[in-house]
Amino acid sequence: MSRIVYVNGSFLPEADAKVSIFDRAFLFADGVYEVTAVLARRSIDLDAHLARLDCSLAEMQIAPPLTHAELRALHSELIALNGVEEGIVYLEITRGVADRDFSYPEGVPPTVVAFTQSRPLLDNPYAVTGVKVITVPDLRWKRRDIKSTSLLAQAMGKQAAKLRGAYEAWMVEDGFVTEGTSSTAFILDGEGRMRTQPLGHHILPGVTRRAVLRLAETEGLTIEQRPFTVAETLQAREAFLTAASAFVLPVVEVDGAPIGEGQPGPIAKEFRRLYIDEATKN
């Protein structure tokens, strides 16, 4: 059965979905997006994703084309139409369609598209085995807090990881790990402190990152939001990553070197359990 997608107010078969070649997302990556996990036919952390979407739109000076209520209804309808038990909803909002010109066009309605992808999220084999990570230079622009569709550097990093048999690439700037190509990076240092980059223009404010930090505070862990180097990563007791559709995954190897004992650590496993428990209950 053909997947049903959303394009500018209409739900239609994916084969019939069309966007203009003059859409500014196609010409300039002039758009923003969000990816929301689906469990038991229900969006997870949707309010937090919509709040981040508001921030991205504001920074890009794109007027929100739909209210939060309308976006929630859009997500629910797509999930129902496609019978998604587990998976994701991808939502993209662009500046719209206009003849090619670098400056922003005026009076152009934004383009809104969304689609679902069904995939297993809870029964993820990487949660059992852990994942391998490589490090790559951070080649991105300077406003990484905006969740824009400009993802070439991330795609290059992800491909480099794939070619080296790794799950993810952690990007490095001035010797410090910023974040993964599609995830937030965490370590548990030798003193048992949870460390991750502080928020700023240099990283994306991860929704799952925020949830895990809140859970860590509840569990009484010492949290340090400050940069860490690759060398500190290799000396860490544990490492893990967070992402909307991956939740929490242990990192067992970085650049071919084992982290800790080279096995998923107890803290990473516990926070995956805590996050999923909370997500499935709320």
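Structural data are supplied above this passage.
Residues numbered from 1 in each chain as written. Predicted model: local features only at pLDDT ≥ 70, side-chain atom pairs only at ≥ 80, totals over all residues. Heavy atoms only, no water.

### Points about the overall build of the protein
Note the threshold: Put simply, DSSP marks the helices as runs of H or I at least four residues long and the strands as runs of E at least two long, and each gets a number from the N terminus on. Atoms considered for the radius of gyration are the C-alpha atoms alone. The globule rule reads 2.2 Å times the number of residues to the power 0.38. Exposure categories follow from relative accessible area, calculated using a 1.4 Å probe and restricted to protein chains: below 20% of the type maximum is buried, above 50% is exposed, and the middle band is partly exposed. The contact definition used throughout considers only heavy atoms, calling two residues in contact when any of these lie within 4.5 Å. Residue exposure ignores everything except the shown protein chains as possible cover, and the areas themselves are Shrake-Rupley values with a 1.4 Å probe. Note that His is not counted, nor are the chain ends; the positive residues are Lys and Arg, and the negative ones are Asp and Glu. Taken as the charge centre is NZ of Lys, CZ of Arg, CG of Asp or CD of Glu, depending on the residue.
What the protein contains, in helices and strands, is eight helices and 15 strands. Against the 2.2 N^0.38 benchmark of 19 Å for 282 residues, the protein shows a C-alpha radius of gyration of 19 Å, consistent with a compact globule. C-alpha extents for the protein along the principal axes are approximately 55 × 40 × 35 Å. Residues classed as buried in the protein amount to 49% of the 282 residues present. Across the protein, contacts joining residues at least 24 apart in sequence account for 71% of those joining residues at least 6 apart. Taken as a whole, the protein presents about 13,400 Å² of accessible surface, with 55% of it coming from carbon and sulfur. Side-chain charges of the protein comprise 30 positive and 37 negative groups, with the mean position of each set lying 2 Å from the other.

### Some remarks on the nonpolar core
Spelled out, the test is: Buried Ala, Val, Leu, Ile, Met, Phe, Trp, Tyr and Cys residues that are joined via side-chain atoms within 4.5 Å together make up what is termed a nonpolar core.
Within the largest apolar cluster, 21 residues are counted, with the highest numbers of intra-cluster contacts made by Met194, Phe240, Phe247, Phe271 and Tyr275. When contributions to this core are tallied by element, the ones reaching two or more residues are strand S3 (31-39), strand S10 (184-188), helix H6 (207-218), strand S14 (247-254) and helix H8 (266-281). If you tally residues by element for this core, the top one is H8, at six residues. Once residues within four sequence positions are removed from consideration, Tyr275 is found in contact with Ile44, Asp45, Thr208, Ala211, Leu215 and Phe247.

### Quick look at the pattern of salt bridges
Quick reminder of the rule: By salt bridge we mean one thing: a side-chain nitrogen of Lys or Arg within 4 Å of a carboxyl oxygen of Asp or Glu.
Across all of its chains, the model carries 22 salt bridges by this definition. A salt bridge links Glu14 to Arg3, with the shortest nitrogen-to-oxygen separation between them at 3.2 Å. Taken together, the residues Glu14 in the loop between strand S2 (10-13) and helix H1 (24-28) and Arg3 in the segment before strand S1 (4-7) connect sequence positions eleven residues apart. Put simply, Glu168 and Lys158 hold a salt bridge, and the shortest N to O gap is 3.0 Å. Of this pair, Glu168 sits in strand S8 (residues 168-173) while Lys158 is found in helix H5 (residues 152-163), placing the two residues ten residues apart along the sequence. Relative accessible area serves as the criterion here: at 28%, Lys158 is assigned to the partly exposed category. One salt-bridge network, in which partners are shared between bridges, spans Asp138, Arg140, Lys142, Arg144, Glu173 and Glu179.

### Describing the layout of surface pockets
Any empty space left between the atoms is revealed when a probe the size of a water molecule rolls over them. Spelled out, the test is: Points on a 1 Å grid, built from protein atoms alone, make a cavity when a 1.4 Å probe fits but cannot get out and make a pocket when they are open with protein on both sides within 12 Å along at least 5 of 7 lines; residues with an atom within 4 Å of a point are the lining residues. Grid points are joined across faces, edges and corners, and a volume is the space filled by probe spheres set on the points.
Its volume calculated, the largest pocket comes out at about 930 Å³. Lining the largest pocket are 42 residues, with Tyr33, Lys147, Thr181, Ser182 and Ser183 sitting closest to its centre. The set of elements that each furnish at least two residues to the lining of the largest pocket consists of S3, helix H2 (46-60), strand S5 (86-94), H5, strand S9 (176-180), H6 and strand S13 (238-243).

### Things to note about the side chain of Thr135
The test is simple: We call two N or O atoms a polar contact when they sit within 3.5 Å, provided that within protein one can donate a hydrogen and the other can accept it, with sequence-adjacent residues counted only if both atoms are side-chain atoms.
Looking at where Thr135 falls in the secondary structure, it is placed in strand S7 (residues 131-137). One polar contact links Thr135 to Asp255, side chain to side chain, over a distance of 2.6 Å. Beyond its immediate chain neighbours, meaning those up to four positions away, Thr135 contacts Arg164, Trp170, Val172, Val230, Val254 and Asp255.

### Some remarks on a nonpolar patch on the surface
This is how the line gets drawn: Each patch is built from salt-bridge-free residues with over 30% relative accessible area, joining like charges within 9 Å and nonpolar side chains (Val, Leu, Ile, Met, Phe, Trp, Tyr) within 5 Å.
Residues Ile21, Phe22, Phe26 and Val97 make up a contiguous nonpolar surface patch of roughly 420 Å² in combined accessible area. Its place among the elements puts Phe26 in helix H1. Under the relative-accessibility criterion, Phe26 is labelled exposed at 62%.

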